[in-house]
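# Observations on the model geometry
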2 protein chains.
Amino acid sequence: MKAPHYNVPVEATLEVIAGKWKVVILCLLKEGEKRFSELQRAMPAITKKMLSQQLKELEKDGVVNRKVYNEVPPKVEYSLSEEGETLREILNMMCAWGDRRMGNTPNCS
Amino acid sequence: MKAPHYNVPVEATLEVIAGKWKVVILCLLKEGEKRFSELQRAMPAITKKMLSQQLKELEKDGVVNRKVYNEVPPKVEYSLSEEGETLREILNMMCAWGDRRMGNTPNCS
DNA sequence: CCGTATCCGGCATGATACTG
DNA sequence: CAGTATCATGCCGGATACGG
């Protein structure tokens, strides 16, 4: 754990969401709980390793909850934590901005 | 130019702002026009090469304006473009989120 | 189904020197 | 002051195999 001094406050935000796939993952989770395999299907280009890693970091940073069901076959559900919910508006706006830029009607709830 | 198909719309947004320093740069520019050296001073860890590169990409993506004054010594000012202004609210929120997470009073206008 | 472990290559980034 | 040019390097992330 480094003790970073941020020259610009937004760096504290980036520390949490700046991973290659993190914002995409969060945008999927804001739609509701999702299983590991659901996330994979929604992001065909991501590897299991990366997905696992990014989720672990998001969990460590307190924005994502991981719920394990003791079943066979295994079942794990990911969702926004309470802290993660405070990102929802930002995620919605980022999503809407991308939609608008692509010429679509914003459809990000 | 690849013709990317985005599985999640927010990827179009990330295409523009996902560089290592881009959000930090944009957050500085939302305070007003800034010269190259001002940006450097605000981000002691960035190299000239990176700063130049990230600014060039932001300009290419249409969110930053570059204004050159024909003076000696040279003077260049960067600012949010009209399109960049549409990011302002997102930037403000990201900034405020970081402030809050650090336990500061949000101070991102 | 939901991961981890290991290896490895390429590209992003850094360091440094140079220029109009 | 505001950048390029060039070279070196490290770590990010892909591929693959294995495990509970």
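Structural data are supplied above this passage.
Sequence positions are assigned chain by chain, starting from 1 and proceeding in written order. Starting at A for chains and at 1 for ligands, labels are handed out in the order in which the entities are written. Only residues with pLDDT of at least 70 are given local features in this predicted model, and only at 80 or more are side-chain atom pairs given and counted; all residues enter the totals for whole chains, interfaces and linings. Just so you know, side-chain values use all the structure's heavy atoms and leave hydrogens and water out.

## Overview of the overall build of chain A
The helix and strand labels rest on DSSP assignments: H or I over at least four residues marks a helix, E over at least two residues marks a strand, and numbering proceeds from the N terminus. Helix and strand counts for chain A come out as 6 helices and 3 strands. When the helices and strands of chain A are read in sequence order from the N terminus, they spell out α-α-β-α-α-β-β-α-α. Seen through its C-alpha atoms, chain A measures out along the principal axes to roughly 45 × 40 × 25 Å. Contacts are residue-level and defined by heavy atoms, with any inter-residue pair within 4.5 Å sufficient. In chain A, once contacts between residues fewer than 6 apart in sequence are set aside, the share between residues at least 24 apart is 47%. Of the roughly 6,100 Å² of accessible surface on chain A, a fraction of 49% belongs to carbon and sulfur atoms. Note that His is not counted, nor are the chain ends; the positive residues are Lys and Arg, and the negative ones are Asp and Glu. Charged side chains are reduced to one point each, which is NZ for Lys, CZ for Arg, CG for Asp and CD for Glu. Considering chain A, the positive charge centre built from 17 side chains and the negative charge centre built from 15 side chains are found 7 Å apart. Exposure was quantified through the Shrake-Rupley algorithm and a 1.4 Å probe, taking into account, for residues, occlusion by the shown protein chains and nothing else.

## Looking at the interface of chain B and chain A
Tallying the contact residues gives 33 residues for chain B and 33 residues for chain A. Contact between chain B and chain A buries roughly 3,000 Å² in total, counting both sides, with carbon and sulfur atoms accounting for 74%. What makes a salt bridge here is a side-chain nitrogen of Lys or Arg within 4 Å of a carboxyl oxygen of Asp or Glu, nothing more. Counting the contacts that link chain B with chain A gives 4 salt bridges. Throughout this description, a polar contact denotes any pair of N or O atoms lying within 3.5 Å of each other; where both atoms belong to protein, one of them has to be capable of donating a hydrogen while the other can accept it, and for residues adjacent in sequence the pair is counted only when both atoms sit in side chains. Across the chain B-chain A interface, the total number found is 12 residue pairs in polar contact (both at pLDDT 80 or more). Counting residues per element, the ones that place at least two in the side of chain B that touches chain A are α1 (10-17), α2 (22-29) and α6 (88-101) of chain B. Looking at the side of chain B that touches chain A element by element, the count peaks at 10 residues for α6 of chain B. Reported buried area values correspond to the accessible surface (1.4 Å probe) lost by two parts on association, with both partners' losses combined.

## Let's talk about the packing of aromatic side chains
A pair of Phe, Tyr and Trp rings is counted when the ring centres sit within 6.5 Å of each other, with Trp represented by its six-membered ring. The angle between the planes then sorts it: under 30 degrees is stacked, over 60 is edge-to-face, the rest tilted. Throughout the structure, instances matching the rule amount to 0 aromatic pairs over all chains. Above the ring of Tyr69 of chain B, the side-chain terminus of Lys75 of chain B is found at 4.6 Å from the ring centroid. Geometrically, a lysine NZ or arginine CZ counts as sitting over a ring once it is within 6 Å of the ring centre and also within 35 degrees of the ring normal.

## Topic: the protein's contact with DNA strand D
What makes a residue near a molecule or strand is one non-hydrogen atom of that residue sitting within 4 Å of it. Lining the immediate environment of DNA strand D, one finds 18 residues, of which Lys49 of chain A together with Ser37, Lys56, Arg66 and Tyr78 of chain B sit closest. Per the 4 Å cut-off to the protein, sugar and phosphate atoms form 63% of the nearby atoms of DNA strand D. At 3.5 Å, a side-chain N or O of Lys20 of chain A approaches a phosphate oxygen of DNA strand D. Here a sugar or linking oxygen of DNA strand D and a backbone polar atom of Pro74 of chain B are 3.2 Å apart. If you list the elements that add at least two residues to the surface near DNA strand D, you get α4 (48-60) of chain A together with α3 (36-42), α4 (48-60) and β3 (75-80) of chain B. Per-element tally for the surface near DNA strand D: the top contributor is α4 of chain B, with 4 residues.

## Looking at the protein's contact with DNA strand C
What surrounds DNA strand C is a group of 17 residues, the closest being Ser52, Lys56, Arg66 and Tyr78 of chain A together with Lys49 of chain B. Each atom of DNA strand C within 4 Å of the protein was classed as base or backbone; sugar and phosphate made up 57%. Separating a phosphate oxygen of DNA strand C from a side-chain N or O atom of Ser37 of chain A is a distance of 2.7 Å. Between DNA strand C and Pro74 of chain A, the relevant distance is 3.2 Å, taken from a sugar or linking oxygen to a main-chain nitrogen or oxygen of the residue. Elements represented by at least two residues in the surface near DNA strand C include exactly α3 (36-42), α4 and β3 (75-80) of chain A together with α4 of chain B. Here the surface near DNA strand C is composed, by residue class, of 7 nonpolar, 2 polar and 8 charged. Side-chain classes follow a simple rule in which Ala, Val, Leu, Ile, Met, Phe, Trp, Tyr, Cys and Pro form the nonpolar group, Asp, Glu, Lys and Arg form the charged group, and the remainder, Gly included, forms the polar group.

## Brief notes about the relation of the copies chain B and chain A
With an RMSD of 0.0 Å, the fit of chain B onto chain A corresponds to turning through 180° and sliding 0.0 Å along the axis. A rotation of that kind, with that shift, is consistent with a two-fold axis. Within chain B, Ile90 of chain B has its C-alpha nearest the rotation axis, a separation of 3.1 Å. Counting the interface residues of chain B, we find that 100% of their copies in chain A are interface residues as well, pointing to one common contact surface. All copies are superposed by least squares; the fitting set is the C-alpha atoms of residues with a pLDDT of at least 70 in both.

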